[in-house]
Each structure stands twice: as structure tokens, then as C-alpha cells.
Amino acid sequence: MSTLVIVGTHWGDEGKGKITNYLSADADVVVRYQGGANAGHTVVIGDKVYKLRLIPSGIFFPEKLCIIGNGVVVDPETLVEELDYLLGKGIDPSNLRVSSSAHLVMPYHIQLDVAEEERRGPNKIGTTLRGIGPAYMDKFARLGLRMADLIRPESFIAKLRRNLVEKNYLLERVYGVKGFELEEIAERYLGFAERLRPYIADTSLLINQAIDRGDKVLFEGAQGTLLDIDFGTYPYVTSSHPIAGGACVGAGVGPTRIDRVLGVVKAYTSRVGEGPFPTELFGEMGDWLRERGDEYGTVTRRPRRVGWLDAVILRYSARVSGLTHLAVTRVDTLSELESVKVAVAYEYRGQIIKDLPTDPETMAECRPVYEELPGWGPIRGSQVQPALQAYLDLIRRVTGVPVAMASIGQERTQTIMFEELF
Ligand code: IMP
């Protein structure tokens, strides 16, 4: 058996799409286990650029089983759009399976996400407004509608009717916005149900059967460690578990079945939305890095905040996800620089600390302690210059985790493997 979980080590957008797509070539099954259409994966194949939000990037390989696990919240409209998008590009999505236990993102979740962000005003989280938080709230309040409900029209309508009483009350009386009509939602969603029915399955069973057969299974995390609901910079987090443990509950596999955990870390750090960011760069340097790295949201095109690599966070990610390997991405983005910085510790009220403080107030007061290294210049082929090697060695030294691969461009071929992962 061979299983690998891929996680983002910071706030998402580390380049997991490229790494997952690269490693998918060796996998038999690719699974998403949390999040929803808040994620945006860019996959470059030859001269074509694809953008996915829900469907695992393994879909580009026709023979792989691609799974949306029970831990994902699925917006059926987005999923149908994504299926059409792939079909329109000549990609056959028939190997996709969606967990019957995955919860649905409903129109009122999106409306509530918007209304709640507006109400928070200056304290807003900066969500993607995709209804993610409200959908997970319903899941944990035991009110949610699931994929299995979608294909049972009678019970779907009965549960929807019950939920709409409360949601419309909230929308209209608390937030002062328009509510939803039962018939309108029911008609649209039952239309989606017909499209999605062939894909709905007991995906935990499928994954465990694949592991039993000795198949290679890759679990693809969305977002990143510091957006985890428990281990992230709460409350500036998403409502799911992007850390490696999320793969177990979000896909229905036991922890004893996970062999390796690969942390994807970008050579610099970025974040979307609000919250503390100790190595954030402003002014000219920040603008240069944002442009050079094209750091704009895949889905929203929001400009991302950018900064130097924060290895304090990386060490923390290694701990909470039990990282066994690292993939360092966007090494090429920094190649023009004469020198690069990496935060190896923080200074907090006159003290040097090496462990990430978990509350955002303390983190906001932390000042990075940098190590500065010489830049590595342009990268030719898969040659690792001594300066780049020194940078990768620093990452290993600070985290204790070996670097298994480095990405030096968007293309599959622009990948340097130091160690086989499957
Ligand atoms: P939500 O997931 O839409 O509720 O947003 C919560 C926080 O997570 C916000 O700061 C978002 O910007 C951030 N977020 C959600 N998904 C992603 C992602 O795929 N990449 C980066 N940030 C994300």
C-alpha cells in the first residue's frame, strides 16, 4: 500500500495544484477531503491552463479514480459547471465519485456568508463568499443537507422546507435581505441531482478498497495549515481541517493507513484575507513580489498579501501534520533577487521565540528574526546551484523535514525530484 497526503504549510496558495497534478501521474486514486469551492487550483498542461475549484486535479488523467470525500462541502451548481467546463475542454470526468455524505452548499449559505461578512464590518474575516462557513455550521448543527438527500427528492424537499423557515427568518429579520422560495431552489437543485446522480457513491468504501488492493492513493488538501479551524490563526481561518488529520475524517480512512505527508511550501509566503502575517512585505518590495509571482486569487482575483518565507510557521506545520517530506515551490520566482530572507524565529516583547504562538493577538506582535542568504540566479535544467542548495538546506535544518522536490516553473517538466514519494 502507498498513501500520501498533500497539505499546504501556510495560508494556502502554495502551489499544491501543480504538485498534486505532478504526483497524480503515479497515483491510482486522488481524493479531496475538505473545503469546497473556496479552493482554486491552477493546473498547467502544455500550453493549456485549467482552473478547478472542487474536482481533484487527478481528473486530467483518464484512468484515475477522482474522489470528492465526505469532508468536502459541495456546491452542486459549481460542480455541474465544473463538469461542463471539463467536458467542453474534451476531458472526460466519468471517473469522478462524490461522497453521499458530503454536505451541500445551498444558496442561503452563500447569502448568509455575504451578510455575515458585511455585519462584521472592520472585523470581517475576508472569506471567499462561497458559503463555506455557513455550510459547515449547518453540518455541525446537524441541519445540513447531503449529497444522499439530493437524490431523494421527497426527503430533500422536506428537509429544505424545514431549513428555509429558519434561514429565511435569519436573512429577512436579522440581516434585512431577501429570503428564498422553496420551489425555486427545489427545482434547480433537483435538476443538479439528475446530473450528479451517477457520481454519488460511498467513497470511504472505494478508498479503503483501493488501499486494500495496493493502489496508490493521494489525498489532496485544500487551503493550508494556518487556515485550519483548530490549528490556524483563528478566527481568520476557514471552517474545515486542511491539516493532514483532516484526510482521515474527511475521506473515511484510519490514521494507520497514511504512509507519508508532504507539506507544500512556497519559497515565499502569501495570504488572502485578514489576520496577522509577521513576514508581510509592503511598499516596493511587496508590490514587486506580488507582480512577479502573479499573486492574485485563482477564483476571486483578489490581490494576495505577500512576504518572506516564514519558517516558524513551517516548523509548526511540520508538527501539527506530522510532515515526512517537503515540496518547495516557486523557487524560480525569487531567482532574480540578490539575497533572500527566511524568518527562523520571532521576537516577542524582547524575547526570541521559535514556536508559533497560536493566538492572533500575540502573533500580530511578533517581529520576524531573519536569516539572509545569497540569491541563486536563473535556474538551468534541473541543476541545483550551491546558493539554492543552501536555501533548501536551511529549510531542512529549521524544520527537520527533508525536501523531496522543488518546483521551478508551472510546467510538469519544471520539477526537480530529490526523493521518490510513492
Ligand atoms: P472561507 O473559506 O471562504 O470561509 O474563507 C476563510 C478564510 O480562508 C479567508 O481568509 C479566505 O481568504 C481563506 N481561504 C479560503 N480558501 C482559500 C484558498 O484556497 N486559498 C487561500 N485562502 C483561502
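Everything below is about the structure shown above.
Keep in mind it's a predicted model, so treat the numbers as computed, not measured. (Residues numbered from 1 in each chain as written. Predicted model: local features only at pLDDT ≥ 70, side-chain atom pairs only at ≥ 80, totals over all residues. Heavy atoms only, no water.)

## A closer look at the overall build of the protein
When you go through the protein residue by residue, the secondary structure sums to 13 helices and 19 strands. The C-alpha atoms of the protein give 21 Å as radius of gyration, which agrees with the globular expectation for 422 residues (22 Å, within 12%). Across its three principal axes, the protein shows a C-alpha extent of roughly 65 × 50 × 40 Å. Within the protein, buried positions represent 58% of all 422 residues. (Helix = DSSP H or I, 4+ residues; strand = E, 2+ residues; numbered from the N terminus. Rg over C-alpha atoms; globule rule 2.2 N^0.38 Å. Buried < 20%, exposed > 50% of the residue type's maximum accessible area, 1.4 Å probe, protein only.)

## A closer look at the site of the ligand
Lining the immediate surroundings of the ligand are 15 residues, of which Asp 13, Asn 38, Thr 128, Gln 223 and Thr 238 lie closest. In this structure, an oxygen atom belonging to the ligand sits 2.9 Å away from a side-chain N or O atom of Asn 38. Taking Thr 128, its side chain carries an N or O atom lying 2.6 Å from an oxygen atom of the ligand. Isolated, the ligand exposes 470 Å² of accessible area, and the fraction of that covered by the protein chains is 96%. Considered class by class, the residues forming the shell around the ligand number 6 nonpolar, 7 polar and 2 charged. (Near = heavy atom within 4 Å. Polar contact = N/O pair within 3.5 Å; in protein donor to acceptor, adjacent residues only side chain to side chain. Areas by Shrake-Rupley, 256 points an atom, 1.4 Å probe, with all protein chains shown as cover. Nonpolar A, V, L, I, M, F, W, Y, C, P; charged D, E, K, R; others polar.)

## Some points on the packing of helix H3 (residues 107-120) against helix H4 (residues 132-140)
In helix packing, the relevant descriptors are the interaxial angle and the interaxial distance, both defined with respect to the helix axes. Their axes nearest at 7 Å, the elements H3 and H4 cross at an angle of 115°. H3 and H4 meet at a crossing whose hand is right-handed. Residue-level inspection shows Tyr 108, His 109, Leu 112, Asp 113 and Glu 116 of H3 in contact with H4, the latter providing Ile 132, Pro 134, Ala 135 and Asp 138. Here the contact of H3 with H4 is composed, by residue class, of 5 nonpolar, 1 polar and 3 charged. (Axes fitted to C-alpha atoms, helices over the stretch in contact; angles between N-to-C directions. Left-handed = near helix turned anticlockwise from the far one by under 90°. Contact = heavy atoms within 4.5 Å.)

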